[in-house]
Structures are given as C-alpha cells and as structure tokens.
Amino acid sequence: MRTDRHFTGLERRIDEAAHRFLAGLPRHRVADSLVEFLVFGLKQAWACLFGGAMLGLIILTRWLWPEGGAGFIARYDFLFLAALFIQLAMLVFRLEAWEEARVILIFHVVGTAMEVFKTHAGSWIYPEENLFRIGGVPLFSGFMYAAVGSYMARINRIFDIRLNRYPPLWATIVLAGAIYINFFSHHFMWDVRWVLFAATFALYRHTTMHYRVFRFRHKMPLLVAFLLTSLFIWIAENIGTWSRAWIYPDQHDAWVPVSPGKLGSWYLLMIISVVLVTLVHRPRPYIAQEEPRDVAGDAGETA
C-alpha cells in the first residue's frame, strides 16, 4: 500500500519488506486471493495493536491478579498505568502516528464523560476499588473507548480508506451529536434510537468504502462496515465483562453473555467514531486515476 498519508518509520520498513517478499510470489487467482486474505488479517491485527494489548492485559489480570488485589496497587490502577505506558511506547517506537494519538485523546474524553453518567445511572458497574478514578469511574475505562478510536484511525491509514458519496460533514456531525445526546437523554425521556437508525440509513445508504489490502482495492457499503465492526466490539465486550473489568447488573452473581441488543448501541457508537475520525482525517473519494504507479498494473477492484 502506498498512500499520501505517511506511514510511521517502522511501518514503512515493514511495508517495503512485505512488498519485496509478496511481490515475488506466483501470480494466479488462488495465490492472489490467499495473499489478500493473509495481508488483510495482518493489517487488521496491526490496527488493533492498542486495543488488543489492553484486552490481553484485562484477560491476564483476570486470571493472574491476586484475590483482593496485589497489595500495593489495585487492578484497575495497574490497567490505567499500563495503558499510559503502552500509549507512550507506541509513540516513542513509532508504532503510532501523532494524529492517532489526538484521536485517542478525543475518544478518551468523550468516553469518560459517558462512563461517569452511565455508571451513576446504573447501566453498568465497576466492581473493584481503585485510586485513579473520576466520579467513581476508573480512568482505565476511557482507554476502552480510546482503543476504538485508535483502531478507527489506524485502519483509515493502513488500508488507505476512501469514501465515495460520503454525506456532508455538517450532517454527520449533527447526527453524531444527536446519537451522543440520546445515550444520556433516554434515561429521562423516550429513547429515539430507532429514529437515529433510520437517520443513519438515510445519510449513509449510498456511501461506499474503498480500501486497499495489497494488490487490489475492495469495496463494501459503509453501513455494512459499521455493522461488522460493531459485532467485533460486542465480542470484545463479552470478554471484558467475563473478566469482570466491568459488569452489567444481570452479571453481578454470575457471568452471562452481553445482550445482543447492545449491538445497536455499538452500531450507533460507530457513527460517532467515524465522525470523530473524519475531523482529523477528512474523507477522501476513491479516484482510480490516482492509484500509485507501483500498483497500477494491479488496480483491479473487487466487491
């Protein structure tokens, strides 16, 4: 992948080495498909670097953290300090661009504000005590939202995502604002999420996402991408609640899977996530004539 959105130094070296290796492989339909599949998985894993590291720590501390805490530090405080360390290390070792750090900060602020309200409303619970918290909410929780922001920003760059027929930016900001407000207001008045679902469909129904894996560009409706990402986050949320990093009221006595109805909440959160990322990386349309020379011979596109 060659884009005008720069790689980090390490990513550039990895990309060049991968091109040298993969370009030498045999060319036929099966081999091309396998290469695309392999590179897609590796790029997705790279995009999930921050979120994957956090989820791994949540799982490990669920298994290994001493009963009643480690004595000198609470589990939630360890997760918070570990998240800060991971974030700093990713910047120092150029595993992350500074633009992505800005997105992570925005998501952390937006997410923490929602967490303070939602926990006071009883939507979910943080069952353990700790020191680093605001309004009863452990500060590590904001990094769970930041992980979503990190993933969204990184795939935008790593896959050179282009968006055709993207709606006016002002309209997406209004929709994202309405969604965010509804996350709060539905506790006091009618939940308008079905109206928001309809508005989302009306606004994005014609938008197509174009992304490059290795040799080829692929495309899918942006609404489908929202749904697939929401499903992925819902699975991660099940892992998080199983680890008792946070729990819903019906999981207090024993863990049960998170309700599939939460998919709708995550779907709406995707809208907010995409809009926040577009404030840093403005949407660009896909124009075939702008394909880089080194892939011009492979400029085919698959659905």
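Here the residue index of a chain counts from 1 through its sequence in written order. Under the rules for a predicted model, residues below a pLDDT of 70 receive no local features and side-chain atom pairs below 80 are neither given nor counted, while totals for whole chains, interfaces and linings still include all residues. Side-chain calculation: all heavy atoms of the structure are included, whereas hydrogens and water are not.

Named according to an unreviewed UniProt entry, the protein is DUF817 domain-containing protein originating from Aquamicrobium defluvii.

Participant: Before we move on, could you go through helix α2 (residues 29-47) and cite the residues and values that matter?
Facilitator: In this model α2 runs 27 Å from its N-terminal to its C-terminal C-alpha over 19 residues, within 8% of the 27 Å that 1.5 Å per residue would give. Note on exposure labels: buried denotes an accessible area under 20% of the residue type's maximum, exposed denotes more than 50%, and partly exposed covers the range between, all computed with a 1.4 Å probe on protein chains only. Counting from the N terminus, the helices are the DSSP runs of H or I reaching at least four residues and the strands are the DSSP runs of E reaching at least two. For α2, the set of buried residues is Ala 31, Asp 32, Val 35, Glu 36, Val 39, Lys 43, Gln 44 and Ala 47. A helix's residues, less one, multiplied by 1.5 Å, set its expected span.

Participant: Describe the packing of helix α5 (residues 98-120) against helix α6 (residues 141-158), listing the residues and the values that go with them.
Facilitator: Between two packed helices, what matters for the description is the angle formed by their axes and the separation of those axes. Relative to each other, α5 and α6 sit at 145°, their axes nearing to 7 Å. The way α5 lies across α6 gives a crossing that is right-handed. Contacts between α5 and α6 involve Glu 100, Val 103, Ile 104, Phe 107, His 108, Gly 111, Thr 112, Met 114 and Glu 115 from the former and Ser 141, Gly 142, Phe 143, Tyr 145, Ala 146, Val 148, Gly 149, Ser 150, Ala 153, Arg 154 and Arg 157 from the latter. Put simply, Ala, Val, Leu, Ile, Met, Phe, Trp, Tyr, Cys and Pro go in the nonpolar bin, Asp, Glu, Lys and Arg in the charged bin, and everything else, Gly too, in the polar bin. A per-class count over the contact of α5 with α6 returns nine nonpolar, seven polar and four charged. Angles here are taken between N-to-C directions and fall from 0 to 180 degrees, while the axes themselves are lines fitted to C-alpha atoms, restricted in helices to the stretch in contact. In a left-handed crossing the near helix is turned counterclockwise from the far helix by less than a right angle, and in a right-handed crossing that turn is clockwise. Between two residues, a contact is recorded if the distance between any of their heavy atoms is within 4.5 Å.

Participant: Residue-level account of empty space enclosed by the protein, with values.
Facilitator: Lining residues are those with an atom within 4 Å of a point, where the points come from a 1 Å grid over the protein atoms alone and group into cavities, where a 1.4 Å probe fits but cannot get out, or pockets, open sets with protein on both sides within 12 Å along at least five of seven lines. Grid points are joined across faces, edges and corners, and a volume is the space filled by probe spheres set on the points. Overall, the coordinates contain one cavity of 30 Å³ or more when judged by the stated rule. Along its surface, the largest cavity is lined by Phe 107, Val 110, Gly 111, Tyr 145, Leu 269, Ile 272, Ser 273 and Leu 276. Elements with a minimum of two residues in the lining of the largest cavity: α5 and α10 (262-280). Per element, the largest residue contribution to the lining of the largest cavity is four residues, and it comes from α10. For the lining of the largest cavity, the class distribution of residues is six nonpolar, two polar and no charged.

Participant: Describe the pairing of strand β5 (residues 217-221), listing the residues and the values that go with them.
Facilitator: Consecutive side chains along a regular strand alternate between the two faces of the sheet. Where strand β4 (residues 208-212) and β5 come together, five bridges link them in antiparallel fashion. By the bridge assignment, Thr 208 is partnered in β5 with Pro 221. Counting the residues between successive antiparallel strands, the hairpin from β4 to β5 contains four residues. When DSSP finds two or more bridges between two strands, those strands count as paired.

Participant: Account for the UniProt feature "transmembrane region" (unreviewed entry) in the protein, naming residues and giving values.
Facilitator: UniProt positions are given in the numbering used here, feature names are shortened, and annotations may be inferred rather than shown by experiment. Residues given the UniProt feature "transmembrane region" (unreviewed entry) here are residues 37-60, 72-93, 105-125, 131-148, 169-188, 194-214, 221-243 and 263-280. Annotated as residues 37-60, this span is 96% helix and 0% strand, and its ends, taken at the C-alpha atoms, are 29 Å apart. Its end C-alpha atoms 23 Å apart, residues 105-125 is made of 76% helix and 0% strand.

Participant: Any chance you could break down the pattern of salt bridges for me, citing the residues and the numbers?
Facilitator: Within this document, salt bridges are pairs made up of a side-chain nitrogen of Lys or Arg and a carboxyl oxygen of Asp or Glu, the two lying within 4 Å of each other. Considering all chains together, one arrives at six salt bridges under this definition. Notably, a salt bridge pairs Asp 32 with Arg 215, separated by 3.2 Å at the nearest N-O pair. You can see Asp 32 sitting in helix α2 and its partner Arg 215 sitting in the loop between β4 and β5, a full 183 residues away along the chain. Exposure remark for Arg 215: the relative accessible area of 6% places this residue in the buried category. One connected set of salt bridges, linked through shared partners, spans Asp 160, Arg 162, Arg 217 and Arg 284.

Participant: Which residues make up the packing of aromatic side chains, and what values go with them?
Facilitator: Here a pair means two rings of Phe, Tyr or Trp (six-membered ring of Trp) with centres within 6.5 Å. Their orientation is stacked below 30 degrees between planes, edge-to-face above 60, and tilted elsewhere. This structure, assessed with the given rule, holds 21 aromatic pairs. A ring pair is formed by Phe 159 and Tyr 211, whose centres lie 6.1 Å apart and whose planes are at 80°; its orientation type is edge-to-face. Of this pair, Phe 159 sits in the loop between α6 and β3 (162-164) while Tyr 211 sits in strand β4, and the two are 52 residues apart along the sequence. Here Phe 159 and Tyr 211 have matching classes, each one buried. Aromatic ring contacts, followed pair by pair, group Tyr 166, Trp 194, Phe 197, Tyr 204, Phe 226 and Tyr 267 into a single cluster. Seen from the ring of Trp 242, Arg 62 lies directly overhead, with NZ or CZ sitting 5.5 Å from the centre. Note on criteria: charge over ring means Lys NZ or Arg CZ within 6 Å of the ring centre, with the direction from the centre no more than 35 degrees off the ring normal.

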